[in-house]
Structures are given as structure tokens and as C-alpha cells.
Amino acid sequence: MKNEDVNLIQRILSGDEDACAALVERHREWVHSLAWREIGDFHAAQEITQDTFIQAFKSLPTLRDSSRFLGWLYMIAKRQGIEWLRRKPMTMQSLDAMPKSELEQLYYTQYLEEEQAQASTDTLREVVERLLQKLPETERSVMVLHYFNGLTCEEVGERLDVSLNTVKSRLYRARKRLEQEARAIHSSADQQIEQIWEEVDREERQFLANSPLEGEPRKFNLDVPQSNSFSSKGHLSRRYGMDMKLGTQSDPLVPHVQKYHATMGALYIRSAEQIALVRKQTLDSTSLRQSIRHERLMKLSPASLYTFTAAAWAGTDLECMFDFVQAVQGYQRTIVDYFHDKDAFGSRKWFASDRGAVDWWDLPQFHFDRTDVSENATRALPELFLLLLINLVLFTGTFLIFTKIEV
Amino acid sequence: MIWHIIKRELFDHINSLRFILTVVILSALMVTNAVVHLRAHPKRVRNYSEKITKSANELKSRSELYALARKGPGDLYKRPSSLAFIADGGDAYLPKNISNGESWSISGQGGEVKSNWWLNYGTVNPDATDLRPYATKIDWVFIITYLLSFIPLLFTFDALSGEREQGTLRLCLANPISRPVLLIGKFLGTLITVLIPFVFAVLLNLTVISVDSWTQLSAADWGRLALILLIASCYAGIFVGLGLMVSAGTREPRVSLVVLLLIWVAGVIFMPSTLGTLSTKWMPPVQTMDQFRDARKAALKQINDDYGARMRAVKEKKSPNLPSLSELQKLYETSPEAAMAAAEKLRGTWEAEGDEELELKAELIKGDVEIRERLNRERLDAQIAQVQRARAVTRLSPAAIVQYALESMAGTGFNRHLQYLEHVHQHTKQFRQFIVETDRADIQSPHFIGVPKGMSQKPVASEAIPKFEDKIAFSDTFNTATLDLLLLVLLLGVFVSGAFLVFIRSEV
């Protein structure tokens, strides 16, 4: 995939216009999705996508390493999105006030979920590719042909001119090695999270560089009356509490602070979602995969089958735990939407209390409804079916033996 | 004659299908146990080794005596047993180490005082990210408690009732063979039959385990293994005796099989898992965490208040008419400069440390450590007592007795944890003694332990600092298993005598 991009970039640099179109075609969709997610406006996202590619083609000669094109394009798209948000006039808030039809909401949510799943697959693929580099050549080629190119073990054997058993043993060894690298996935997840935070810091610095705001973000250079008190150590300490009241000299800076919090609030939420995604991938690729494998193996025993069936019926299995996690994630999205609808981050009440306290009466409450019996029954069906199958096999076996024995 | 009966029993059993099944099942389980151990043990040993090295390095870096008193001996780790494959012992639910607890500092009159290290018994939270479904651990305890109780019953349920039904028992006793001789012959013949596949499976298990360089068994370990085999034999003997007793008392093999199965389910499955839980209902409840914290807070408040009052008296004696913080606050509103100057003076007086202040601080720290450790110990003792009582009740089942005996001998489980705590207590005592003696050896030190200025300022040689080493000694493991071993021998005697009495009184 990367090689194809590199080829296209080389062709573009040598003046091939068709390559431009091909490159746009390859990446247009995800850039648009990214922009749409960033700003929440479908049509504006199309403009941003266009601007992103124009900017990218202009700066393409400065790209040192063509293999890092994707990350580079991603950064340009994000910057364009942020730029658009900064340019966005305050009157654009009227869009928020527009009633959204349920259908639109549904499509949007579906889109976000698909997008998250795609991002998850992409990142996972990257992790796998990185891990593959750690395998010996013989094992790597077998893994790539079997898992990435979808060849059967026999086909892999023919292609590499080795026996079927060799292919299988190489696959086994490679899988074992990759399992051992699971720890590395954790550390790479930590690195990814660190990168996300670095990105947040960078964008914050970038924002503040173009803003009249100075000082620590807690109060900037606003006119805030201080409360002085002596600590138990006898030192004088100045405190700016959560009940920050602004002096009149702060008025010109207030819109900038509001804009800062609006931008940073959205940025923090996005970063938190990215981090959650990274952590989920780590969990999926280590603990969850391990758990599923164990569960499958245990299903060879009728006793375990019975345990899993009973757990699914009772609603105490792993699926039910994920239902709860999903409910929490849903609640998190609701809360974020609530804040966005109220324009909470960009409001004065977000950082100052001189216009009265915030009214939380309509803050959405968390509730979790356990799945109903029919859902539990559906989940228990595969195991139940297997149990019935075992019964049937045993009965048939007994029947056949009994009919053949002499009395 | 007895040898002839034993040989006949052995020959009959070895040629039976149940013997072949026993060999296959026991071998499969023992090999599974060995393979699982080969995968898990190196990780356990590596983790332990890495952690004690890290802890030792941290300790070495503390060259000041005060730093040793404040931060303590570092994390104290429990050594994993090389015989962990014999008994898992629920070690995942017991703390693997004792680490430094929370620290505190107070400031104000008398300047700053910082807490010293105290012994804090940790809690354990099994790995929350482990989403794997729960699966029974296949260790020797599982194999012995379930199979070495069930297999003897399979071999004995028809030993007497079957022969009685077929009429061969009458025929046999028509010969010059006494009933006791016949019974002992059958008992020994069946026991040997059961032990042959078990010993074979054990040897298979040990052969696989010996392949791994991470598990190196010492002479003491082999001694423990020999005792474990003795315990297993004793346990199997109990069920051979039980099987013969029931078989002697019933006329039909199917009746004796049903009775034995019921006894087995009750004694081996039901009793160990439910008696402990039921017994806790009649026990005094252990303090909740909130109650414990409240009690500790009240006790600490008392010594803190006492310290505050005494320190205030000392300071007032030295510098009368010191302003309070609220007075400073008021003064700041009218004259900030004067308030700042007064605050500076106040701080100077507070931070001045004479012998009286140092003594008060040392007393506070010592009292704090004593109270925390006493309350922690009381809570731990209450928890231990509850577990001990539950274990005492579950000892009604031979399966529980053999489990406790095997855990003790393998160096895992509850008794092993108590030994580890004992080692920690001894080390703590030795470590504190080292601090006091090192301080005492310095004539320039004012000898107020726990306070920076009150202790020796000379650097401490890292080699001289006592090192914690948790060892699993044969004598410790044997002593803790003695009670269970005696109970097993007693039960063996009871069931063999019971079988004898029933057989003597029964009609052939």
C-alpha cells in the first residue's frame, strides 16, 4: 500500500497529472471522513478535503520520506480542520441550534462507528506489520502469504516450495513469537498515547501563539481578584479557586479565552477518544484475543459448554460485560453531545462564575438496562446447540451400538 | 498367605479396564500439570528475580541513615515455591509482596515532620485485565483430592459385596484364612493397585518438569516430595478403607457403589467448598475498612493533638506572644508588609530545632509507627483467625485436610503466607535494630530516631544494611503440615478399623 503511494508521489514529482488524480482517489474518502469528524459539517468537510490536497501537492517537494505520506497528509488535514474552526464565525452556532432529524443523527452515529472500526483496523494492521518485521524471513513470508494474501497452507507450500508440515510449523512458531511480542504492543500503545498528548500540547502552543492570551491557562492574563491566605507552613499563598470572578478589565480577553476553551475542549475529547481506541486495540489484541481462544478451547468440554450456556442465560458472561462498557461509552458520547449542544466549552461559565452558577438540571443521567431474556437466549443458542449435538451424537452412538450387540 | 491374597488382588485389578483407565487419566493429568508449570514457572521466577534485584538496588542507593528510617527496607517479596506445580494454593489471592505504605508530613509549630516507614500488609487484586474464563487449576492437589479418592472407591466397591454376591467370599473363607488377613490383603492389594498408576504418573510429571532448567529441585525439595507421596498414599488408604467398609456392610455391589458415590460427593466436593462459607456466618465479623480507618484516625489524632500541645508549650516557653495564623491574616489585610515580616519571624521560630523539639518529633514518629503497625497487625490477626477457623471447620473433610497438608509441604497457600509474614516481621525487627545500633555507634548523633537532624549523618555502607531473603525451609513446611498429617493417619486408622469391625460382624 505504502509502495503504491511512493510510486504515485514519484510520478507526481516528475509531472504526471494522472498520478495526482490517482492519489486523490486513493485517500479522498478518509480525508473527508477525518475532516467531517473534526468539524461535524459534511459540506465544509468537502472543502477541507479539497484544501488538504491542494496544500499537500504544493508542499509535496518538501516531503523528505515518501513512505510517511499518510501521516503527513493526516497532519495537513487536521491543520486544515483546525484552521476552519478558527475561521468559523460565531454565527455558525446557529447551525447547532438547528433541529437535527433523527435520521441524520442515526447516519452520523453509524458513520462514526464505521470510522472508528476502520481506524482500529488500520492501526492494528500497522502494529502487525511492525511486529512482522521482528520475525525471521522464513516465518514472515509464510505469515504474509497466509494471513495477508489469503493463501491456504497448501498454496503457501507450493509457492515457497516447502512441505505442508513445514508451512504449518513455521506458522505455529511465528504465532508463538508474535504472542511473545504482545508486551511490545503494550509499549507501542504507550508510545501512541504519548504521541497523542504531544500533539495536544503542540496544538495548544500553536493556538496560544496566535492569541493575545498569556500566562497559565487556569487564569491567563485575566483580571482576577486574588484571595490571600497563610498556609500552615506560614507562607503566603495566592489562590484562584473554581469560583473565579472576572474583573472588568478582562472583558476584551474573554472571547479569546472562550475560543481557547472551545478549541481545547474539543481537542481533549477527540484525544481521549483516540486514546480509548488505542487502549481498546491493545485489549483486543492481547487479553480479549487470549480470552476468546481459551473459551473456544474450553468449549471442547461439555462441562464448560454448560457453564458458558448458563452464564449467557444468566447475563453474566463476557458479552454482558461488554454491553455495560458500551453503555458507558454511549453515556460518554451523550455527555459530550450535551456539552456541545450547550456550547459549554466556549461559554463564559466554563471558566468564570461571575454570571451565576451553571444549571445542571438537564444533565443526562447514566442508566444501564441489562439485556432482556430473548437476547440472552440468543447468545446462549450456539452453546445450547452444541450441547444438543453432543446429546444427539451420544444417543446415536448408544443406539447404534445397542442395535448391533447380541443379546 | 497374606502375600498370596495381595498378589491375587493385584493381578485381578491390573487386568481390569478400570486400571488401564486410571493409568491413562492420571498420566494425562500429570503431563498437563507439568506442561502448564513449564510455561508459568519461568515467568514467575523471572519476575521475582527482577523485582528483588530492583528492590536491592533501591536499598543500596540509600546511604543516609535517616533515608533508611524514612523509606524502610523497600519492597519485600515472597519467594515463589519450586513445588508450585503441586499446589497452587490460591496464591493469586494472597499478596506477593509488602511495599511501602502511604506517607504523611505535617508542618506548623515545630517545623516539618515527615512520617517513617511502617509495615503495611498489602491487599491483592487479581489481574483485572485477565478476561480469560475461569478454569480449574490442574495441580497435584486437584489430582490427589479428586482422583485418589474416587479411584480407590472404584476398585473397592465390589471387593467384598461382589464376592459375597458371587459366593466366592464364602468359598475363600472356607480355607484356613482369617477374616482380618483377608481384609488386610485386600486393603494392601487395592492400595498398591491405586499407587502404581499414581507413582507412574508422578514420575512422568517429574521427568517432564526436570527438562526445564528453571525448576531445580534441592535435596529438601525431594524430601518434601517424598512426604507428599506419603500423604497421598495415606489419603488413598482412607478411601480404600472406606470402600471396604461400605462393601463389607452391603450385600450388592450396586448398593455399595451408590452409597460410596454419595459419601464421595458429600465429603470431597460438597464439604470443602461449603463448610468454610457456612462457618463464617457464626464468626464475629472482621472490622470493615471504614471502621478500621476511623479507629486509626482517632488513635492518631490523639497523639497528634498531644504533640501539638506539647510543641506549642515548648515554643511559647522559648518565644512568648507568637501571633497565630488568623492574626497574621487579619494583619495582612491592614498592613501586608508587617504581616509578611511577622510571618517570617514566626517561621524562623517554628523551624528552630533544639533537643526538646527533636525529642517531641521523634516521639510523634515512633508513636505513629507503633499505632499504625499495631492496628494493622490486629486487623490482620482477626482476618487470619477467621481463615483459621474456617479451615478448622472444613477439616471435617479428608479432601480439605489433604489439600492443606499438600499446600504446606509444597510451600504455597495460606500457611506459606503466614511463614512469609513471619519472615517479614523478623526482618523488620532486625532492620530497625540496625538503624538504632548504627545511630548509637555515632557519638555525634543526638539519637532521636526518625528525625533528620536527630540521627547520624554518617553515610551507611550498603553492604551493612540487612537484606531480606524469604526462604522456604523444610522444617517450616513440615511443622505446618504436622497437624494435617496426623489427622490423615487418624482417619486412615478409623476407616481401616471400621472396615475391619464391619467385616467381622457381617455374614458371608
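The shown structure was predicted, so the numbers you read here are calculated from the model rather than taken from an experiment.

**Notes on the overall build of chain A**
Then, in step 1: Each helix and strand counted, chain A has 14 helices and two strands in total.
Then, in step 2: In chain A, which comprises 407 residues, the share counted as buried stands at 34%.
Then, in step 3: At a minimum sequence separation of 6, the contacts of chain A that also span at least 24 residues come to 66%.

**Concerning the overall build of chain B**
Then, in step 1: Scanning chain B from N- to C-terminus turns up 16 helices and four strands.
Then, in step 2: On C-alpha atoms alone, chain B measures out to a radius of gyration of 32 Å, which is more than a quarter above the 23 Å that the 2.2 N^0.38 rule sets for 508 residues.
Then, in step 3: Dimensions of chain B along its principal axes, counting C-alpha atoms only, are 115 × 50 × 45 Å.
Then, in step 4: When each of the 508 residues of chain B is scored for burial, the buried share is 45%.
Then, in step 5: A total accessible area of about 25500 Å² is found for chain B, and carbon and sulfur atoms account for 60% of it.
Then, in step 6: Each charge sign in chain B was given a centre, from 57 positive and 51 negative side chains, and these centres are 5 Å apart.

**Here's the deal with a nonpolar patch on the surface**
All names here are of chain B.
Then, in step 1: On the surface, a nonpolar cluster with roughly 560 Å² of combined accessible area is contributed by Ile 2, Trp 3, Ile 14, Ile 184, Leu 188, Ile 192 and Ile 196.
Then, in step 2: Of all the secondary structure elements, the ones that give two or more residues to the nonpolar patch are helix H1 (2-14) and helix H7 (179-211).
Then, in step 3: Relative to the helices and strands, Ile 184 resides in helix H7.
Then, in step 4: Since its relative accessible area comes to 41%, Ile 184 is described here as partly exposed.

**Some words on the side chain of Thr 477 of chain B**
Residue and element names in this part refer to chain B.
Then, in step 1: On the secondary structure map, Thr 477 appears in helix H16 (residues 474-505).
Then, in step 2: A relative accessible area of 0% places Thr 477 in the buried class.
Then, in step 3: Discounting chain neighbours no more than four positions away, the residues touching Thr 477 are Arg 224, Ser 408, Met 409, Gly 411, Gln 419 and Ile 472.

**A few points about the pattern of salt bridges**
Then, in step 1: Counted by the stated rule, this structure contains 31 salt bridges over all chains.
Then, in step 2: Between Glu 25 of chain A and Arg 28 of chain A there is a salt bridge, and its shortest N-O distance comes to 3.5 Å. Within this pair, Glu 25 of chain A and its partner Arg 28 of chain A are both found in helix H2 (residues 17-39), separated by three residues, close to a single helical turn.
Then, in step 3: In this structure Glu 25 of chain A comes out as exposed when scored by relative accessible area, which is 52%.
Then, in step 4: For Arg 28 of chain A, a relative accessible area of 37% translates into the label partly exposed.
Then, in step 5: Across the salt bridge formed by Asp 381 of chain B and Arg 377 of chain B, the nearest N and O atoms sit 3.5 Å from each other. Here Asp 381 of chain B pairs with Arg 377 of chain B, and both are found in helix H13 (residues 355-394), just four residues apart, close to one helical turn.
Then, in step 6: One network of salt bridges, with partners in common, ties together Glu 319, Asp 323, Glu 375 and Arg 379 of chain A.

**Some thoughts on unusual backbone geometry**
Then, in step 1: You will see that Asp 343 of chain A, though not glycine, has its phi angle at about 50°, which is positive.
Then, in step 2: Relative to the elements of secondary structure, Asp 343 of chain A occurs in the loop between helix H13 (318-341) and helix H14 (373-404).
Then, in step 3: Residue classification places Asp 343 of chain A among the partly exposed residues on the basis of a relative accessible area of 28%.
Then, in step 4: Of note in this structure, His 447 of chain B is not a glycine but carries a positive phi near 60°.
Then, in step 5: The class of His 447 of chain B is partly exposed, set by a relative accessible area of 37%.

**Remarks on empty space enclosed by the protein**
Residues and elements named next belong to chain A.
Then, in step 1: All chains considered together, the criterion is met by two cavities of 30 Å³ or more.
Then, in step 2: There is about 30 Å³ of room inside the second largest cavity.
Then, in step 3: Together, Ile 82, Leu 85, Glu 203, Thr 263, Ala 266, Leu 267 and Arg 270 line the second largest cavity.
Then, in step 4: Secondary-structure elements contributing two or more residues to the lining of the second largest cavity are helix H4 (69-87) and helix H11 (254-298).
Then, in step 5: The element contributing the most residues to the lining of the second largest cavity is H11, with four residues.
Then, in step 6: Of the residues belonging to the lining of the second largest cavity, the class tally is four nonpolar, one polar and two charged.

**Considerations on the packing of aromatic side chains**
Then, in step 1: Considering all chains together, one arrives at 19 aromatic pairs over all chains under this definition.
Then, in step 2: Aromatic side chains Tyr 146 of chain B and Trp 264 of chain B sit 6.4 Å apart centroid to centroid with 70° between the ring planes, which places their arrangement in the edge-to-face category. One end of the pair, Tyr 146 of chain B, is in helix H4 (residues 140-156); the other, Trp 264 of chain B, is in helix H9 (residues 253-279), with 118 residues separating them in the sequence.
Then, in step 3: Judged by relative accessible area, which is 30%, Tyr 146 of chain B ranks as partly exposed.
Then, in step 4: According to the relative accessible area criterion, Trp 264 of chain B is buried, its value standing at 11%.
Then, in step 5: A network of ring pairs unites the aromatic residues Tyr 338, Phe 339, Phe 345, Trp 350 and Trp 360 of chain A as a single cluster.
Then, in step 6: Above the plane of the ring of Trp 118 of chain B lies Arg 372 of chain B, whose end atom (NZ or CZ) is 4.2 Å from the centre.
Then, in step 7: Between Arg 391 of chain B and the ring centre of Tyr 404 of chain B, over which it is positioned, the NZ or CZ distance is 4.0 Å.

**Things to note about a negative patch on the surface**
Then, in step 1: A surface patch of negative charge is lined by Asp 190, Glu 194, Glu 198 and Asp 201 of chain A.
Then, in step 2: If you trace the backbone, Asp 201 of chain A turns up in helix H10 (residues 182-209).

**Observations regarding the confidence of the model for chain B**
Caution applies to low-pLDDT parts of the model: their predicted coordinates are not meant to be read in detail.
Residue and element names in this part refer to chain B.
Then, in step 1: With 99% of its residues at a pLDDT of 70 or more, chain B has an overall mean of 89.
Then, in step 2: The spread of mean pLDDT over the elements of chain B runs between helix H11 (residues 325-334), the lowest at 78, and H4, the highest at 96.
Then, in step 3: In the predicted assembly, ipTM is 0.71 and pTM is 0.71.

**Concerning H4 of chain B**
Then, in step 1: A rise of 1.5 Å per residue sets the reference length of H4 of chain B, with its 17 residues, at 24 Å; its end C-alpha atoms lie 23 Å apart and thus fit the reference within 8%.
Then, in step 2: In terms of residue burial, H4 of chain B counts as a mostly covered element, since 13 of its 17 residues are buried.

Calculation rules
- Residues numbered from 1 in each chain as written.
- Chains lettered and ligands numbered in written order.
- Predicted model: local features only at pLDDT ≥ 70, side-chain atom pairs only at ≥ 80, totals over all residues.
- Heavy atoms only, no water.
- Helix = DSSP H or I, 4+ residues; strand = E, 2+ residues; numbered from the N terminus.
- Buried < 20%, exposed > 50% of the residue type's maximum accessible area, 1.4 Å probe, protein only.
- Contact = heavy atoms within 4.5 Å.
- Rg over C-alpha atoms; globule rule 2.2 N^0.38 Å.
- Areas by Shrake-Rupley, 256 points an atom, 1.4 Å probe, with all protein chains shown as cover.
- Lys, Arg positive; Asp, Glu negative; His and termini not counted.
- Charge placed at Lys NZ, Arg CZ, Asp CG, Glu CD.
- Patch = residues over 30% accessible without salt bridge, like charges linked within 9 Å, V, L, I, M, F, W, Y side chains within 5 Å.
- Salt bridge = Lys/Arg side-chain N within 4 Å of Asp/Glu carboxyl O.
- 1 Å grid on protein atoms, 1.4 Å probe; cavity = no way out; pocket = protein on both sides within 12 Å on 5 of 7 lines; lining within 4 Å.
- Points joined across faces, edges and corners; volume = space filled by probe spheres on them.
- Nonpolar A, V, L, I, M, F, W, Y, C, P; charged D, E, K, R; others polar.
- Phe/Tyr/Trp six-rings, centres within 6.5 Å; stacked < 30°, edge-to-face > 60°.
- Lys NZ or Arg CZ within 6 Å of the ring centre and 35° of its normal.
- pLDDT = per-residue confidence, 0-100.
- Expected span 1.5 Å × (residues − 1).

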